[in-house]
Amino acid sequence: MFISVQQFERDMGVDKTIARFFVDRKPPLNNSFWKGRLLYVGFGNGYVSIPVFYDILRRTGVAVETLLDENHIHFMEQLMHFAILQERNEISYPEELKCIRALLKKRVQNQTYYEALNKYLDQPVLRPMGPFGLPFISLNRADVFLFVLCDLPLTDTQWKQAIRYWYALHPSYLIMDDIRDYAKDKEEGQENVVIDLGGGSAGFEKTFEMLRQNSETMQEINPILGQFLMDYEEDLREFVPKFI
């Protein structure tokens, strides 16, 4: 599925320069996250979320030129390569962290946040620690992406904003995936926030309430995106099983 610059700008409030950069970018070679893909940004929340989150960083005051610097983007792409390898169980979680940390050697911009993030991600189970993590561990499963912040010259305020809106944005994408995949995840024993919240109709309602809260938080920095997430609820309800 092709997502145009206009769709990013109109429906998600993404800056046109950022949207154009990612939409027009060629998928990197020898990268498992983009393997076999003709489009850099296509179907899948994991791909859509990249320009959306970079636009949030722009809104915190990070210069577009800094965000789209080729060296930084190359680092982000390599991070995604190791992340998908771990998700597919082709490398272990400790191996994933080791590889990403090696990429960041001599690149870390804020040692304090870097060390705090490392301590959080080194947990066997990702439970909230300091500014990182949500109470429902299934929603923390993409948090290695936060290493991209370590490669950017963020102020303390920008770090706090980036973390706040990360936990409003990316868990919302995970919630969407978990609602759609509920039956399959339950059968296969996979992580799923609806299951974490008790399953059944009550679990789904708690999950939808979490999505609404995330949408409200997102409206603080990007009202268009906040409404976009809010409007998703109607479509997602079609995936809710008919509980007896």
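Please read these numbers as outputs of a predicted model, since none were measured by experiment.

Undergrad: Which residues make up the overall build of the chain, and what are the values?
TA: Helix and strand counts for the chain stand at 13 helices and zero strands. Taken from the N to the C terminus, the helices and strands of the chain come in the order α-α-α-α-α-α-α-α-α-α-α-α-α. Against the 2.2 N^0.38 benchmark of 18 Å for 244 residues, the chain shows a C-alpha radius of gyration of 18 Å, consistent with a compact globule. The dimensions of the chain, computed from C-alpha atoms along their principal axes, are 55 × 40 × 40 Å. Sorting the 244 residues of the chain into buried and exposed places 51% on the buried side. Carbon and sulfur atoms form 51% of the exposed surface of the chain, whose accessible area is close to 12,200 Å².

Undergrad: Go over the pattern of salt bridges, please, and point to the residues and values.
TA: Charged atoms that come close allow side chains of opposite charge to pair. Taken as a whole, this structure holds 17 salt bridges when the rule is applied. What you see here is one network of salt bridges that share partners, running through Glu205, Glu209, Arg212, Glu233 and Arg237.

Undergrad: Give me the lowdown on helix α9 (residues 156–180), citing residues and values where you can.
TA: Between its first and last C-alpha atoms α9 spans 37 Å; for 25 residues at 1.5 Å apiece the expected length is 36 Å, and the two agree. Approximately 30° is the largest bend angle found in α9, and it occurs at Trp166. Counting buried positions over the 25 residues of α9 gives 18, a clear majority of the element.

Undergrad: Tell me about unusual backbone geometry, and name the residues and values.
TA: Positive phi is not limited to glycine here, since Asn89 has a value of about 60°. Looking at where Asn89 falls in the secondary structure, it is placed in the loop between α5 (70–87) and α6 (93–103). Although it is not a glycine, Lys106 adopts a positive phi angle of roughly 65°. When you line up the elements, Lys106 lands in the loop between α6 and α7 (111–121).

Parameters at a glance
- In this convention, every chain numbers its residues from 1, walking through the sequence in written order.
- Local features in a predicted model are, by the rule used here, given only for residues with pLDDT of at least 70; side-chain atom pairs are given and counted only at 80 or more, and totals for whole chains, interfaces and linings are based on all residues.
- Computation of side-chain values: all heavy atoms of the structure, hydrogens and water removed.
- Secondary structure elements are defined from DSSP: runs of H or I of at least 4 residues count as helices, runs of E of at least 2 residues count as strands, and each element is numbered from the N terminus.
- As defined in this context, the radius of gyration uses C-alpha atoms, and a globule is described by 2.2 Å times the residue total to the power 0.38.
- Remark: exposure states derive from per-residue accessible area (1.4 Å probe, protein chains only) relative to the maximum for the residue type, with buried under 20%, exposed over 50%, and partly exposed in between.
- Here the accessible surface of atoms and residues is derived via Shrake-Rupley with a 1.4 Å probe, and residues count as covered only by protein chains that are part of the display.
- Basic side-chain nitrogens of Lys or Arg form a salt bridge, by our definition, when they fall within 4 Å of a carboxyl oxygen of Asp or Glu.
- By this rule, a helix spans an expected 1.5 Å times one less than how many residues it contains.
- The term bend refers to the angle at a residue between two fitted axes, each drawn through seven residues, those ending there and those starting there.

Purely spatial values, then, with no claim about function.
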